[in-house]
Amino acid sequence: MTALAELPTRRLLSYPEAAAYLGVPVGTLRSMVSRRQVAHVRLSARVVKFDLADLDAMIAARRVPAGGAPDNAVPELGRPAGGG
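Cut-offs used in this document
- Residues numbered from 1 in each chain as written.
- Predicted model: local features only at pLDDT ≥ 70, side-chain atom pairs only at ≥ 80, totals over all residues.
- Heavy atoms only, no water.
- Helix = DSSP H or I, 4+ residues; strand = E, 2+ residues; numbered from the N terminus.
- Buried < 20%, exposed > 50% of the residue type's maximum accessible area, 1.4 Å probe, protein only.
- Core = buried A, V, L, I, M, F, W, Y, C linked by side-chain atoms within 4.5 Å.
- Contact = heavy atoms within 4.5 Å.
- Pairing = 2+ DSSP bridges.
- Axes fitted to C-alpha atoms, helices over the stretch in contact; angles between N-to-C directions.
- Polar contact = N/O pair within 3.5 Å; in protein donor to acceptor, adjacent residues only side chain to side chain.
- Parallel < 35°, antiparallel > 145°, perpendicular 65-115°, else oblique.
- Nonpolar A, V, L, I, M, F, W, Y, C, P; charged D, E, K, R; others polar.

### Some thoughts on unusual backbone geometry
(1) Moving on: Not every positive phi belongs to a glycine, and Arg 36 is a case in point at roughly 55°.
(2) Moving on: Examined against the element boundaries, Arg 36 turns out to sit in the loop between helix H2 (26-34) and strand S2 (41-42).
(3) Moving on: By relative accessible area, which is 69% here, Arg 36 ends up exposed.

### Here we look at the nonpolar core
(1) Moving on: With 14 residues, the main nonpolar core has Tyr 15, Ala 18, Leu 29, Val 38, Phe 50 and Leu 55 as its most contacted residues.
(2) Moving on: Elements represented by at least two residues in this core include exactly helix H1 (15-22), H2, strand S3 (48-51) and helix H3 (52-61).
(3) Moving on: The element that contributes the greatest number of residues to this core is H1, accounting for four residues.
(4) Moving on: Those residues in contact with Phe 50, other than ones at most four positions away along the chain, are Arg 11, Leu 12, Leu 13, Ser 14, Tyr 15, Ala 18, Leu 29, Val 33, Val 38, Ala 39, His 40 and Leu 55.

### Considerations on the sheet that holds S3
(1) Moving on: Spatially, three strands are ordered S1-S3-S2 in an open sheet, and the strand pairing comes out antiparallel. Whereas interior strands pair on both sides, the edge strands pair on one side only; in this sheet they are strand S1 (12-13) and S2.
(2) Moving on: Bridge count for S1 against S3 is two bridges, and the pairing is antiparallel. Of the residues in S3, the one forming a bridge with Leu 12 is Asp 51.
(3) Moving on: Those strands touched by H3 are S1 and S3, and its axis lies near 65° from that of S3.

### As for the environment of Ser 44
(1) Moving on: Structurally, the position occupied by Ser 44 is in the loop between S2 and S3.
(2) Moving on: A distance of 3.2 Å separates a polar side-chain atom of Ser 44 from the backbone nitrogen of Val 47.

### Comments concerning the packing of H1 against H2
(1) Moving on: Remark: H1 packs on H2, axes separated minimally by 9 Å, with the N-to-C direction vectors making an angle of 100°. Judged by the inter-axis angle, H1 sits roughly perpendicular to H2. Packed against H1, whose contacting residues are Tyr 15, Pro 16, Ala 18, Ala 19 and Leu 22, the element H2 presents Val 26, Leu 29, Arg 30 and Val 33 at the interface.
(2) Moving on: Taken together, the residues of the contact of H1 with H2 sort by class into eight nonpolar, no polar and one charged.

### Side note on the side chain of Gln 37
(1) Moving on: Along the chain, Gln 37 falls in the loop between H2 and S2.
(2) Moving on: Exposure remark for Gln 37: the relative accessible area of 12% places this residue in the buried category.

No statement about biological role is implied by the geometric values presented.
Take a look at the structure:
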């Protein structure tokens, strides 16, 4: 497994690296990709990579500030808030 200290030096991450960066299991990340909940780069039918900038943008988009809405009110990525 790649140490987190090494991750910022590379732009495109593998499944295990991106999962470690997000702090989720690889299976969760694979599910997020299949549901198109996380941006990814498909280099071929079997090769998927993740751009650090996209992961950081996803983290920022899902951030709930103190005193904000409850966790279950966070909108899905790619969908407008309010259920449109």
